Amino acid sequence: MTDFPWQARVLTLFPDMFPGPLGVSLAGRALENNIWALAARDIRNFATDKHRSVDDTPAGGGPGMVMRADIVAAAIDEAAAELPDVPLVYLTPRGATLTQSRVQDFAKGAGMILLCGRFEGLDERVIEARNVEEISIGDYVLAGGEVAAMVLLEAIIRLLPGVMGSGQSGLEESFETGLLEYPHYTRPREFEGIGIPEVLTSGDHGKVSAWRQAMAEQVTKERRPDLWAAHIGRKSDGDDN
Ligand code: SAM
């Protein structure tokens, strides 16, 4: 475990949305235990006019409003001065789709500045000028970046040292091995006439492990041909080396 909590700085027009769901359960306990720390900053505090406006009409016309580069840059600069060496991420549907491997990278760092858009999004110039990494949580459009920031934070926080109960939990989960996870069963031994696969109650750990691997492969092949192709590609690369 590091000496300092993993730092999350969220730049948002709705700071009251935080910690929200991150204040309960696993992430909430980790917050209480100082494993991670959160500060949500109101972008409106960086507005310069008496109406505290942060957006303006799009250049070239069209619907909606765009968040101003100068106001967002001022918010970023304050956060970056406090946390100079952490990634700066803008949650946007135009970004690279979030993956578990990127989440693992972020969890290894010291923290992150997360920028939440509203309206039509940010003026492109601030994204370029501040070298912002753009991340999407999926191919759909939310009303704002706050829930997306929470998704990213929750995925990171559960990987921080000391957050999950057992060192093992997490290692076999979906995507960690490049495959989707095998199915789970627990008591009762029979549910509505359906039993638990016999191998799981055999007590033979080797067989259990082989069954789980086979099931993970089967379910990945059926549900996510893209992941399966990548898995096969990695395996044949490994065989060639
Ligand atoms: N005009 C934008 C577009 O078509 O790409 C959508 C803007 S959306 C209404 C407002 C904000 O929600 C975005 O600036 C972004 O911060 C956030 N957002 C929406 N969908 C998202 C997604 N799939 N992943 C991450 N952030 C998202």
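Quantities reported herein were computed from a predicted structural model and do not represent experimental measurements.

**A word on the environment of Arg 94**
Its place among the elements puts Arg 94 in strand 5 (residues 88–97). In this structure Arg 94 comes out as exposed when scored by relative accessible area, which is 62%. Considering only alpha carbons, one finds Arg 94 and Glu 176, 82 residues apart in sequence, at a separation of 25 Å. The residues touching Arg 94, leaving out its near neighbours within four places in the chain, are Glu 124 and Glu 134. Among the polar contacts made by the side chain of Arg 94, one reaches the side chain of Glu 124 at a distance of 3.1 Å.

**With respect to the domain arrangement of the chain**
When the domains of the chain are assigned, the result is domain 1 (6–157) and domain 2 (190–240). For domain 1 versus domain 2, the distance between C-alpha centres works out to 37 Å.

**Comments concerning the site of the ligand**
Contacts to the ligand come from 20 residues, most closely from Tyr 90, Leu 91, Gly 117, Tyr 140 and Leu 142. Contact between the ligand and Thr 92: a nitrogen atom at 3.3 Å from a main-chain N or O atom of the residue. Measuring from a nitrogen atom of the ligand, one finds a backbone N or O atom of Leu 142 at 2.9 Å. Considering the ligand on its own, with 580 Å² of exposed area, one finds that the protein chains cover 84% of that surface. Those elements giving two or more residues to the shell around the ligand turn out to be strand 5 and strand 7 (133–136). Among the elements that make up the shell around the ligand, the one with the highest residue count is strand 5 (five residues).

Criteria and thresholds
Along each chain, the written sequence defines residue order, and numbers are assigned to residues from 1. With the structure being a predicted model, the display of local features is reserved for residues of pLDDT at least 70 and the display and counting of side-chain atom pairs for 80 or more, all residues being used for whole-chain, interface and lining totals. Side-chain numbers come from the whole structure's heavy atoms, not from hydrogens or water. Comment: elements are numbered from the N terminus, with helices defined as DSSP H or I runs of at least four residues and strands as E runs of at least two. We call a residue buried when its accessible area falls under 20% of the maximum for its residue type, exposed when it is over 50%, and partly exposed in between, using a 1.4 Å probe and counting protein chains only. Every residue pair with non-hydrogen atoms within 4.5 Å of one another is taken to be in contact. A 3.5 Å cut-off defines polar contacts: any pair of N or O atoms within that distance qualifies, except that in protein one atom must be a possible hydrogen donor and the other a possible acceptor, and neighbouring residues in sequence count only when both atoms are side-chain atoms. Either an automatic procedure or a domain database provided the assignment from which the domain bounds are taken. The near set for a molecule or strand comprises every residue that places at least one heavy atom within 4 Å of it. Values of accessible area rely on a 1.4 Å probe in the Shrake-Rupley scheme; residue burial ignores everything except the protein chains shown.

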